[in-house]
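Given next are the chains, with one letter for each unit.
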Amino acid sequence: MNKREIAEIKRRFKKESCTFTKMAGCYVNSQKAKVTCFRNTFLNLDDDEFYKYLEIANKALSGKPGNNLIELPFPLEAEEEGGAQALLMELRKTRLEDDDVLNRFYDRVIESYDKPENYLILLFHDAYDIPVKTKDNIALDDSEEVYEYIICAICPVDLSKPGLGYQEETNRIGAVPRNWVVGATESAFTFPCFTDRSTDLHAVMCYTKDAKLPHTELWEQVLGCKAVYTATQKKAAFNNIVTESLGDPEDDDVIDTVLDVQSNLNTYVEQQKEILEKDEPIRLAKEDLTPILENSGIEEPAVKAIAEKYDSFFEEDFPTADEVIDTKALKDNDLRIEKNELQEQVVELNQKLRDAGLDDKSKDDHRIVVKVPEDKEEEVTATFVDGRRCLVIPLDGDEETTVNGHKKSL
């Protein structure tokens, strides 16, 4: 699913266009026990509940593709009879109206999902009558296919924070009872995918709130798919491989080299964009990485070590160059360049001052010292004249002051 296809589905998650048929859920406690299960006709919900549940469903298709949103293909064994995909097909076929199918799904999630706290499993069913679009992307009323899909969202349930509030019965301010509150969607998936504006039963779109530590056990044990790295994980792994191969990560030289790598990597991306087709991914293979490292001033033994670790970690399923570019590092590199340029300018200016005989020593020798009469010291003020801060010393016409040891009269 690309951004446009995701957006087309998400546009339906509004009050006036939502067509969810059913919603079902199961509240699980920290002992992995089912506290309660429920099923509702979605469009019959009160507005307060309607919008809250709609927000949860909307989150399941939010975030950046490749990072918070990961499309996973089903391996062949998952699509075989009795495979993980079969249960998803049953949920979709029964439209969340079969309690036996629902409970089998809840049990699979509870058995696999690694979360010691309370959480809520929510399921939504929808059927989208896909409008035909012209070559100019204009939607027609006619339809050739119905995209029927389910969304599963898993949300944490935590106790609200203790606080004070108004107690109407006793007309006083007192402690407010703490309640179990459903939080933002933590993990989710949409099955099947909506690919090329059509049903794709061979893939599932997964959402993770935490791109650093996604619940991959949901992907592998519940969905039967092979887990992959998010863009955040790929970037962190790449930076760790480079940094650890260079030495102490706190060393200034190592930090500078890492910034050089990121800068050269960004240059490589810009060059490739001029060669490749628009939106074509720029895969960073092992052989592409080597010259980037060499151009960053890394010696051959370290280049070889980094390339080998890179190849071993990603197992030839290399990331795109955009996925390992660290935008923060690029900003730090710009600041470093600016700082170095300013330092060079300071050195150049100091040299010019010395050449002109106006270095620090000469400035001390040419200081102007003004001796203010004692009876006028308290009247001395400061002001700006022609943009420069000056001292104002009030003197009578027949008074004298001393400048650089010489008496001057007004």
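Residues numbered from 1 in each chain as written. Predicted model: local features only at pLDDT ≥ 70, side-chain atom pairs only at ≥ 80, totals over all residues. Heavy atoms only, no water.

J.: So what's going on with the overall build of the chain? Residues and values would help.
T.: Assigned secondary structure in the chain consists of 13 helices and 17 strands. When each of the 410 residues of the chain is scored for burial, the buried share is 38%. Split by element, the accessible area of the chain, about 25,100 Å² in all, is 48% carbon and sulfur. (Helix = DSSP H or I, 4+ residues; strand = E, 2+ residues; numbered from the N terminus. Buried < 20%, exposed > 50% of the residue type's maximum accessible area, 1.4 Å probe, protein only. Areas by Shrake-Rupley, 256 points an atom, 1.4 Å probe, with all protein chains shown as cover.)

J.: How would you summarise the pattern of salt bridges if you had to cite specific residues and measurements?
T.: Summed over the entire model, instances satisfying the criterion amount to 11 salt bridges. Among the salt bridges present, the one from Glu148 reaches Arg95, with a minimum N-O distance of 3.0 Å. In this pair, Glu148 sits in strand 5 (residues 139–159) while Arg95 sits in the loop between helix 4 (84–94) and helix 5 (99–112), placing the two residues 53 residues apart along the sequence. Given the relative accessible area of 16%, Glu148 is considered buried. Overall, the relative accessible area of 39% leaves Arg95 in the partly exposed class. Between Arg104 and Asp100 there is a salt bridge, and its shortest N-O distance comes to 3.4 Å. Taken together, the residues Arg104 and Asp100, both in helix 5 and four residues apart, mark about one turn of the helix. Connected via shared salt-bridge partners are Glu90, Asp100 and Arg104. (Salt bridge = Lys/Arg side-chain N within 4 Å of Asp/Glu carboxyl O.)

J.: Outline the environment of Cys225, supporting the account with residue identities and numerical values.
T.: For Cys225, the position within the fold is in the loop between helix 6 (216–222) and helix 7 (231–246). Residue classification places Cys225 among the buried positions, given a relative accessible area of 3%. A C-alpha to C-alpha distance of 9.0 Å links Cys225 and Ala203, two positions 22 residues apart in sequence. Setting aside residues up to four positions removed in sequence, Cys225 forms contacts with Leu72, Pro73, Phe74, Pro75, Val204, Trp219 and Glu220. (Contact = heavy atoms within 4.5 Å.)

J.: I'd like to hear about the packing of aromatic side chains, residue by residue, with values.
T.: Overall, the coordinates contain 18 aromatic pairs when judged by the stated rule. Ring pairing ties together the aromatic residues Phe13, Phe20, Phe42, Phe50, Tyr51 and Phe124, which thus form one cluster. Across the ring face of Phe50, the terminal group of Lys15 is positioned such that the distance to the ring centre comes to 4.2 Å. (Phe/Tyr/Trp six-rings, centres within 6.5 Å; stacked < 30°, edge-to-face > 60°. Lys NZ or Arg CZ within 6 Å of the ring centre and 35° of its normal.)

J.: Explain the packing of helix 7 against helix 10 (residues 300–314) to me, using residue names and the numbers behind them.
T.: Relative orientation of the contacting elements helix 7 and helix 10 amounts to 150 degrees, with a least axis distance of 9 Å. It follows that helix 7 is roughly antiparallel to helix 10 by the angle criterion. As for how helix 7 packs across helix 10, the hand of that crossing is right-handed. When helix 7 is examined against helix 10, the residues Lys234, Ala237, Phe238, Ile241, Val242, Ser245 and Leu246 are found in contact with a partner set consisting of Ala302, Ile306, Lys309, Tyr310, Phe313 and Phe314. Residue composition of the contact of helix 7 with helix 10, by class: 10 nonpolar, one polar and two charged. (Axes fitted to C-alpha atoms, helices over the stretch in contact; angles between N-to-C directions. Parallel < 35°, antiparallel > 145°, perpendicular 65-115°, else oblique. Left-handed = near helix turned anticlockwise from the far one by under 90°. Nonpolar A, V, L, I, M, F, W, Y, C, P; charged D, E, K, R; others polar.)

J.: I'd like to hear about the confidence of the model for the chain, residue by residue, with values.
T.: Detailed reading of predicted coordinates is not advised where the pLDDT is low. When pLDDT is averaged along the chain, the result is 86, and 84% of the positions lie at 70 or above. Note on residues 362–366: pLDDT under 50 across the span, and two contacts to partners over four residues away in sequence or across chains. (pLDDT = per-residue confidence, 0-100.)

J.: Describe the state of the cysteines, listing the residues and the values that go with them.
T.: Tallying each qualifying case throughout the model produces zero disulfides. Cysteine Cys155 remains unbridged, with the sulfur of Cys152 as its closest cysteine sulfur at 9.1 Å. (Disulfide = S-S within 2.5 Å.)

J.: Quick one: what's the story with the nonpolar core, residue by residue and with numbers?
T.: Within the largest apolar cluster, 35 residues are counted, with the highest numbers of intra-cluster contacts made by Ile9, Phe13, Phe20, Phe42, Tyr53, Phe124 and Tyr149. Breaking this core down by element, the ones donating at least two residues are helix 1 (3–10), strand 1 (22–28), helix 2 (47–59), strand 4 (119–133), strand 5, strand 10 (193–195) and strand 12 (203–208). Broken down by element, the residue count for this core peaks at six residues, all from strand 5. When residues no more than four places from it in sequence are discounted, the contact partners of Phe20 are Phe13, Phe42, Leu43, Leu54, Ala57, Phe124, His125, Asp126, Tyr149 and Ile151. (Core = buried A, V, L, I, M, F, W, Y, C linked by side-chain atoms within 4.5 Å.)

J.: Summarise the pairing of strand 1; cite the residues concerned and give the values.
T.: Most of strand 1 is tucked away: seven of the seven residues are buried. Residue alternation in strand 1 divides its side chains into two sets, Lys22, Ala24, Cys26 and Val28 and Met23, Gly25 and Tyr27, and both sets are buried. Pairing of strand 1 with strand 2 (residues 34–41) involves seven bridges; the strand directions are antiparallel. Looking across to strand 2, one finds that Lys22 is bridged to Thr41. Linkage of strand 1 to strand 2, two consecutive antiparallel strands, is achieved through a turn of five residues, within which Lys32 is found at a positive phi near 65 degrees. (Pairing = 2+ DSSP bridges.)

J.: Describe the layout of surface pockets, listing the residues and the values that go with them.
T.: Over the atoms rolls a probe the size of a water molecule, and in doing so it shows where empty space is left. Within this model, the largest pocket holds a volume of roughly 1,600 Å³. What lines the largest pocket is a set of 44 residues, among which Pro65, Gly66, Arg283, Thr320 and Glu323 lie closest to the centre. Put simply, the parts of the chain that give the lining of the largest pocket at least two residues each are helix 1, strand 3 (69–73), helix 7, helix 8 (252–275), helix 10 and helix 11 (321–324). Element by element, the count of residues in the lining of the largest pocket is highest for helix 7, at five residues. Residues of the lining of the largest pocket, tallied by class, amount to 17 nonpolar, eight polar and 19 charged. Together, Glu49, Lys52, Tyr53, Glu55, Ile56, Lys59, Leu120, Val182, Gly183, Ala184 and Thr185 line the second largest pocket. For the lining of the second largest pocket, the element with the highest residue contribution is helix 2, accounting for six residues. The residue inventory of the lining of the second largest pocket, partitioned by class, reads five nonpolar, two polar and four charged. (1 Å grid on protein atoms, 1.4 Å probe; cavity = no way out; pocket = protein on both sides within 12 Å on 5 of 7 lines; lining within 4 Å. Points joined across faces, edges and corners; volume = space filled by probe spheres on them.)

J.: Tell me about unusual backbone geometry, and name the residues and values.
T.: Residue Pro192 is reached from Phe191 by a cis peptide bond, and omega for that bond is -10 degrees. Within the secondary structure, Pro192 is located in the loop between strand 9 (187–191) and strand 10. In the Ramachandran plot, Asp196 falls in the positive-phi region, its phi being about 55 degrees despite a non-glycine side chain. In this structure Asp196 comes out as exposed when scored by relative accessible area, which is 66%. With phi around 60 degrees, Arg197 is a residue other than glycine that occupies positive phi space. Position of Arg197 relative to the elements: it lies in the loop between strand 10 and strand 11 (198–200). Residue Arg197 is classed as partly exposed on the basis of its relative accessible area of 23%.

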